[in-house]
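For reference, the chains in residue letters:
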Amino acid sequence: MLLRNINLPRAGISHILRNFLRFLRQYRIALLLLVLAATLEVSLHARKYSIPRPDHDLDKPFYSRCQEPAVNQSREDAALVMLVRNWELEKALKTVHSIEKHFNKWFHYPIVFLNDVPWTDEFMERMKEAPSGEVVFDVLTPEEWSFPAGMDAEAARESIDRQGKAGILYGGLESYHHMCRFFSGKFYNVPALRPYKWYWRIEPDVEFHCAITYDPFLEMARHDKVYGFTIALTELPRTCPTLFRRISDFKEARHLPTTTLWKAMISPSWVPWPLRGMSSWLFNTGHTDRHGDSWNLCHYWSNFEIASLDFFRGKEYQELVRSLDNTGGFYHERWGDADVHSLALAMLLDARYIHHFQDIGYHHDIFTQCPVNAAGEKQLPRSESLVENQPWAPEGRHDDPNAIGCRCECDAAVRGGTMDYSGYCTHRLTLPNRATRRSWVDLAVTWF
Ligand SMILES: Nc1nc2c(ncn2[C@@H]2O[C@H](COP(=O)(O)OP(=O)(O)O)[C@@H](O)[C@H]2O)c(=O)[nH]1
Ligand SMILES: [Mg+2]
């Protein structure tokens, strides 16, 4: 009796299988043609996102060797900026000492410190002594550091609580949400930054590894660049499930063209039309546009940025941020300013306006970029200005195009020189500017 009960469904399955195989045999030509058509369609679709190779490099290092710092040349309207909490004083001092040692002792740019609460006397007293340029301490207004007007703050706090309980990194910290919203939009119009056209964002607990012997603001202006970065990382998917859809909808609504940088941020769907458009809600993958293609989550890591304030103050960017703000996503999800900046840049700018500061050695948290030192005389071994910047890392070969660091104090063979952290995706975002694609891996990523 029991056996018969078990055999019945088995018989049913084998019957279905037999019918299915019969169906396959009967319509094999039609099915083969369907598979071929789908494969062709999907390949053509993926090709739309392949990144064309420019005939020359569109973004080279500004310098690939030490310079005698041009201390007498004129300065740009620019400032270093650090948002920081009073209790982070020691880590903030570490950053300031490092940037002074490696750059600002020659160029004396002002440092603007921003805080959401009043500064303690101790912070101001000790910090005043550290930089060689002017120091400004500014306190943000409640309007700059809060929920958007009209938002239900209690509902937002409940969302934040839920994100904390769900283990989303920083999702449960209200202040972190304010910080991300601030850096996404309000930052660019704070009165303390009004005199400036350029900013260099720094953070507590940052280390610069190499001497920066030229003025990056001047070079950004000279080379018509808008945004400079050191490291690009893959975002944690759960922090911002609907952000990409919002931004891609904004792009479509305004009929903005697809730039090569946007392509570099897309993983084309491998689902054939017409299922592609449905795939995002069928499989609920998140991070997809309304056609089913996904953001690969790659973004510039925004704790280092050297960028044009005017670009971010501009109408298009500010409109984007306002529209994002209206959705409440800075609180109901944990949208990061790094993602907002990166997707906006990709949407609004051609890749040639972006500069990868591959010669700047940078370390924050667990991430590092460590350039290989330039060889021999390129280190200016007899320079008086550089005597305090003694490298301990070995120099690279004369013919190595990556050996561009100036007196770097990190081991490129071990750390960022190899870019071996799996979450780095710097190669992907630099692809649109590269005329030389060195390996098959690079070629493959243009397709995927
Ligand atoms: N004044 C102030 N600064 C903050 C606050 N939260 C974060 N920051 C600053 O914002 C920047 C990013 O914060 P951090 O904790 O380093 O975030 P992470 O780099 O994403 O891990 C740092 O410069 C912090 O000092 C805050 O509540 N008040
Ligand atoms: Mg940080």
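Residues numbered from 1 in each chain as written. Chains lettered and ligands numbered in written order. Predicted model: local features only at pLDDT ≥ 70, side-chain atom pairs only at ≥ 80, totals over all residues.

Digging into helix 8 (residues 243-253)
- Residues of helix 8 that are buried: Leu243, Phe244, Ile247, Ser248 and Lys251. Each buried residue of helix 8 lies within a common arc of 120° when the element is viewed along its axis, so the set occupies one face. When the buried face of helix 8 is taken as reference, the exposed residues oriented beyond 90 degrees from it are Glu252 and Ala253.
- On its buried face, helix 8 sits against strand 9 (294-295), helix 13 (329-332) and helix 14 (337-348). (Buried ≥ 20, exposed ≤ 12 C-beta atoms within 10 Å, placed from the backbone. Helix = DSSP H or I, 4+ residues; strand = E, 2+ residues; numbered from the N terminus. Arc of directions from axis to C-beta. Contact = placed C-beta atoms within 7 Å.)

A short note on the UniProt feature "active site" (unreviewed entry) in the protein
- With numbering aligned to this structure, UniProt lists the feature "active site" (unreviewed entry) at Glu305.
- Note on placement: Glu305 falls in strand 11 (residues 305-308).
- For Glu305, a count of 21 C-beta atoms within 10 Å translates into the label buried.
- Residues within four places of Glu305 in sequence aside, it is in contact with Arg201, Tyr227 and Phe229. (UniProt positions renumbered as here; feature names shortened; annotations may be inferred.)

A word on unusual backbone geometry
- A cis geometry characterises the amide bond from Trp273 onward to Pro274, with omega recorded as 5°.
- By the element assignment, Pro274 lies in the loop between strand 8 (266-267) and helix 10 (275-283).
- Notably, Asp365 is not glycine yet its phi reads approximately 60°, a positive angle.
- As for its placement among the helices and strands, Asp365 is situated in the loop between strand 13 (362-364) and strand 14 (367-369).

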